[in-house]
Amino acid sequence: MTITEQPSTSRLEADLFLLHAPSVYDFRERDDMLFAYLSDSDSVNVTSVYEIYPIGWFSIKQRLADHGFDTKIVNVASLMLLHPEMDVERLLARFEAPIFGFDLHWMAHCHGSVELAAVVKAVHPDALTIFGGISATYYAKELIEYPSVDVVVQGYDTLDPVTELVTRVRQGSRDFRAIPNLLYKADGAVRTTGFSHTPDNNYNNVRNDWSYYREAADGGPSASKLIMTLPNTGCAHDCGWCGGSRFAYRNIMGVRRTLVQKDNDLVVEELRTMREAAKRTSIYALQCYSENRTRMHQYLDAVKELGYKSVHFEQFSLTPPDILKKMGESTDSYIMLSPESHDLRISKAAGRGNYTMEQMEEWIPRALDAGVKGIMIWFFIGMPHQDRQSVMDTIAYSERIIRKFGGWAALPLICPMVPFLDPGSQFFEEPEKHGYRIHHRTLEEHRQAMIEPLWYRRLNYETNWLSRRQLQDVSYEAITRLVEIKGEYGVLPAGFCKAVLGTIDETRELLGEMEKALLLDKELPADLRDEILRYNRKVLSYTNDQIMPVPRPLGGRWFDDATVPPQLIEDILAPSAATARSTERGASSTERGAYTERDERS
């Protein structure tokens, strides 16, 4: 494709572009794999291309701004969903910067990010491509070998190394020998600067700025304006499946102190950046379970002062009375618990198990009496000692909770651990010890797994109690029954339940047809590929989650792209910019709208 020169007024310039890729780069053309319901666990408000980018990018943007550099975050995944006919190469051709950065984000983007970086190298051959984050650190030596990767910044705190790197590049230098924590290419060879930058305080010490999001629309009754806060990194706990656990941080980062907290005054100042819009805004408070009483009280005081609409608090243990009281006084507070299983043995084996279900049931009324609006209880599929019967026993226990507390006051939810068991976690590093078998070890094996036709083949693990296929089957069985229960007790409207159950039936039937075809003929026939493409277009035309399983229109979330001006997008989408994607297999916005309307009517 010939890319014509564009006038400077239609370009975006920056010192660094941070580009968030879809999980599978060419997802819009794929008719050979299913972006199936539950293949992203449906636990957060995203599609199966995982269009949510790391919140740590805000910190990089702010740190560089403090040093006089301009960083622009562009959510390419979000733009590709919102504008299915958009040509990504034409979009990238409008960007001018010496450096482009990418994330792997818990490995979900290991395919898309490397592929998007290759497109950047084709469009901007002189630009530098850099990767960072936990997964990039774990796979740094393999990642740097890809032709599309120039630099890997290792570590949990990359603010100083990235700032030094941008400074040198802007000065016209590619001599990175004095910058710590880098693997980079120079003179045809891979160089390393060691791994010495491992600060144990002042992590991430910049004030994230949410001002760009103040004017975003709420999105209607089925959506809410939501931001996220992250007051620390690492963890003091040891959930065996987690790449951010104490074990994983010691294993990946080579540190002993695994919980590093951000200056609390900066967290409070971050909350202030929403100003009056706070009153229309909810917060998902990430990792607040690692905060001490003093810091939690300061946080809640700020939430109350600023009038935030509601806050969802992740809690590792049963919240103590003084914090419950403070939560109830400060805002509409919701608590997220994750015991993983109703069975204490399984819960402990997963790294939780610090309270029994009986203790939780005694605690729930106290939390509600303190003013907490609701508790969400998350269970996980794929844990040690957990077989099919155990999963279904968890569903039976969930019915008990719904019957006892009426549903929304204490709402049980369950999801499979997909697509990957985190590299660097205990279960990944010591699988036999914990009853796991690992199917994908290398970065490239994970990349190829992301484009497997059937989502159970994408899983990088199975357990001694559930094979990968059984994990897929019991996930659908468990969620089907839980949705039925919520319908029977009036927790969810009948129409919601009917739509979810219909999607599950359609998905299982299509997965079965695909598996049969692959088994018999080793390939998917043309008519089935057409059906796969139709399904993918439909499920990628809206977002969903288990808490409120209603189709939501794309856009309006904090991580949806707010950088690329509408006029620039219109220029790219102009008829003269149309490509072969506008043929029968192209997913036009009109088609997507029709699919969304049809699905909502059903």
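Structure report, in brief.

## A few points about the packing of helix α14 (residues 388-405) against helix α19 (residues 468-488)
So, point 1. The interhelical angle for the contact between α14 and α19, taken along N-to-C directions, is 15 degrees, at an axis separation of 10 Å. Looking at the two axes, α14 sits roughly parallel to α19. In this structure, the crossing between α14 and α19 has a hand that is right-handed. Of the residues in α19, those touching α14 at Arg388, Val391, Met392, Ile395, Ser398, Glu399 and Ile402 are Val474, Glu477, Ala478, Arg481, Leu482, Ile485 and Lys486.

## Side note on the sheet that holds strand β2 (residues 16-20)
Consider a sheet: its strands pair through backbone hydrogen bonds, and that pairing is either parallel or antiparallel.
So, point 1. Strand order in the open sheet made by the 7 strands is β3-β2-β5-β6-β7-β8-β9, with mixed pairing throughout. At either end of the open sheet lies a strand with only one pairing partner, and these are β3 (71-75) and β9 (189-192). Neighbour to neighbour, the strand axes of the sheet diverge by 25 degrees on average, direction disregarded.
So, point 2. Where strand β7 (residues 151-153) lies against strand β8 (residues 182-186), 3 bridges are found, and the strand directions are antiparallel. What sits directly across from valine 153, in β8, is leucine 182.

## With respect to the nonpolar core
So, point 1. Counting 187 residues, the largest nonpolar core has Leu19, Phe95, Leu143, Leu165 and Trp558 as the members making the most contacts within it.
So, point 2. Filtering out sequence-adjacent residues up to four positions away, leucine 143 remains in contact with Leu104, Val114, Phe131, Ala136, Val149, Val152 and Leu443.
So, point 3. One finds Ile134, Tyr156, Met253 and Val255 within the second-largest nonpolar core, a separate group that totals 8 residues.

## A closer look at the pattern of salt bridges
So, point 1. This model, assessed by the stated rule, comprises 39 salt bridges.
So, point 2. Across the salt bridge formed by glutamate 477 and arginine 388, the nearest N and O atoms sit 2.5 Å from each other. Linking glutamate 477 in helix α19 with arginine 388 in helix α14, this pair joins segments that are 89 residues apart in sequence.
So, point 3. Classification of arginine 388 by relative accessible area gives partly exposed; the value is 38%.
So, point 4. Between arginine 552 and aspartate 545 there is a salt bridge whose closest N-O contact spans 3.0 Å.

## Quick look at the pairing of β2
Looking along a regular strand, one sees side chains alternate from face to face of the sheet.
So, point 1. Taking burial as the measure, the 5 residues of β2 include 5 buried ones, the bulk of the element.
So, point 2. A two-sided burial pattern is seen for β2, the buried positions comprising Leu16, Leu18 and His20 on one face and Phe17 and Leu19 on the other.
So, point 3. Here β2 runs beside strand β5 (residues 99-103); their pairing, made up of 2 bridges, is parallel. What sits directly across from leucine 18, in β5, is glycine 101.

## With respect to the state of the cysteines
A covalent bond bridging the sulfur atoms of two cysteines is what the word disulfide describes.
So, point 1. Enumeration over the complete set of coordinates arrives at 0 disulfides.
So, point 2. Cysteine 110 takes part in no disulfide bond, and the closest cysteine sulfur, belonging to cysteine 242, lies 17 Å away.
So, point 3. Given the relative accessible area of 0%, cysteine 110 is considered buried.
So, point 4. For cysteine 288, which is in no disulfide, the shortest distance to another cysteine sulfur is to cysteine 235 and amounts to 12 Å.

## A short note on the environment of phenylalanine 176
So, point 1. Turning to its location among the elements, phenylalanine 176 is positioned in the loop between α7 (159-170) and β8.
So, point 2. Judged by relative accessible area, which is 2%, phenylalanine 176 ranks as buried.
So, point 3. Phenylalanine 176 sits 25 residues away from valine 151 along the chain, and the two C-alpha atoms are 9.9 Å apart.
So, point 4. Apart from residues no more than four positions distant in its own chain, phenylalanine 176 is found in contact with Leu128, Val151, Leu165, Arg168, Val169, Leu182, Tyr184 and Thr193.

## Topic: the side chain of serine 59
So, point 1. Structurally, the position occupied by serine 59 is in helix α1 (residues 56-66).
So, point 2. What serine 59 contacts, discounting residues up to four positions off in sequence, is Leu159, Asn204, Val206 and Asn208.

## Brief notes about the packing of α19 against helix α20 (residues 494-521)
So, point 1. Following both chains from N to C, one finds α19 and α20 inclined at 160 degrees, their axes separated by 9 Å at the closest point. Of the possible angle classes, the one that applies to α19 and α20 is roughly antiparallel. α20 is crossed by α19, and the crossing has left-handed handedness. In this structure, α19 contributes Arg469, Gln472, Asp473, Tyr476, Glu477, Ile479, Thr480, Val483, Glu484, Lys486 and Gly487 to the contact, and α20 contributes Cys497, Val500, Leu501, Ile504, Thr507, Arg508, Leu511 and Glu515.

## A look at the pairing of strand β15 (residues 332-340)
So, point 1. Counting buried residues in β15 gives 7 out of 9 residues, a clear majority hidden from the surface.
So, point 2. Inspection of the sheet shows strand β14 (residues 310-315) paired to β15 by 6 bridges, in the parallel sense. By the bridge assignment for β15, glutamate 314 is matched with methionine 336.
So, point 3. Note on the crossover from β14 through helix α11 (residues 321-330) to β15: the handedness is right-handed.

## A short note on the packing of aromatic side chains
So, point 1. Under the definition given, this model contains 26 aromatic pairs.
So, point 2. On the numbers, 6.2 Å between centres and 80 degrees between planes, the contact of tyrosine 138 with phenylalanine 428 is edge-to-face. With tyrosine 138 in helix α5 (residues 134-138) and phenylalanine 428 in helix α15 (residues 426-429), this residue pair connects regions lying 290 residues apart in the sequence.
So, point 3. Residues tryptophan 210 and tyrosine 212 carry aromatic rings whose centres are separated by 6.2 Å and whose planes lie at 20 degrees to one another, so their mutual orientation is stacked.
So, point 4. Look at tryptophan 210 and you get buried, because its relative accessible area is 0%.
So, point 5. Take tyrosine 212: its relative accessible area is 34%, and that puts it in the partly exposed class.
So, point 6. One aromatic cluster is present, built from ring pairs that chain together Tyr53, Trp57, Phe58, Trp210, Tyr212, Tyr213, Trp558 and Phe559.
So, point 7. For arginine 441, the ring lying beneath its charged end belongs to phenylalanine 428, and the centroid distance is 4.3 Å.

Cut-off values and rules
- Residues numbered from 1 in each chain as written.
- Predicted model: local features only at pLDDT ≥ 70, side-chain atom pairs only at ≥ 80, totals over all residues.
- Heavy atoms only, no water.
- Axes fitted to C-alpha atoms, helices over the stretch in contact; angles between N-to-C directions.
- Helix = DSSP H or I, 4+ residues; strand = E, 2+ residues; numbered from the N terminus.
- Parallel < 35°, antiparallel > 145°, perpendicular 65-115°, else oblique.
- Left-handed = near helix turned anticlockwise from the far one by under 90°.
- Contact = heavy atoms within 4.5 Å.
- Pairing = 2+ DSSP bridges.
- Core = buried A, V, L, I, M, F, W, Y, C linked by side-chain atoms within 4.5 Å.
- Buried < 20%, exposed > 50% of the residue type's maximum accessible area, 1.4 Å probe, protein only.
- Salt bridge = Lys/Arg side-chain N within 4 Å of Asp/Glu carboxyl O.
- Disulfide = S-S within 2.5 Å.
- Right-handed = clockwise from strand over helix to strand, strands pointing away.
- Phe/Tyr/Trp six-rings, centres within 6.5 Å; stacked < 30°, edge-to-face > 60°.
- Lys NZ or Arg CZ within 6 Å of the ring centre and 35° of its normal.

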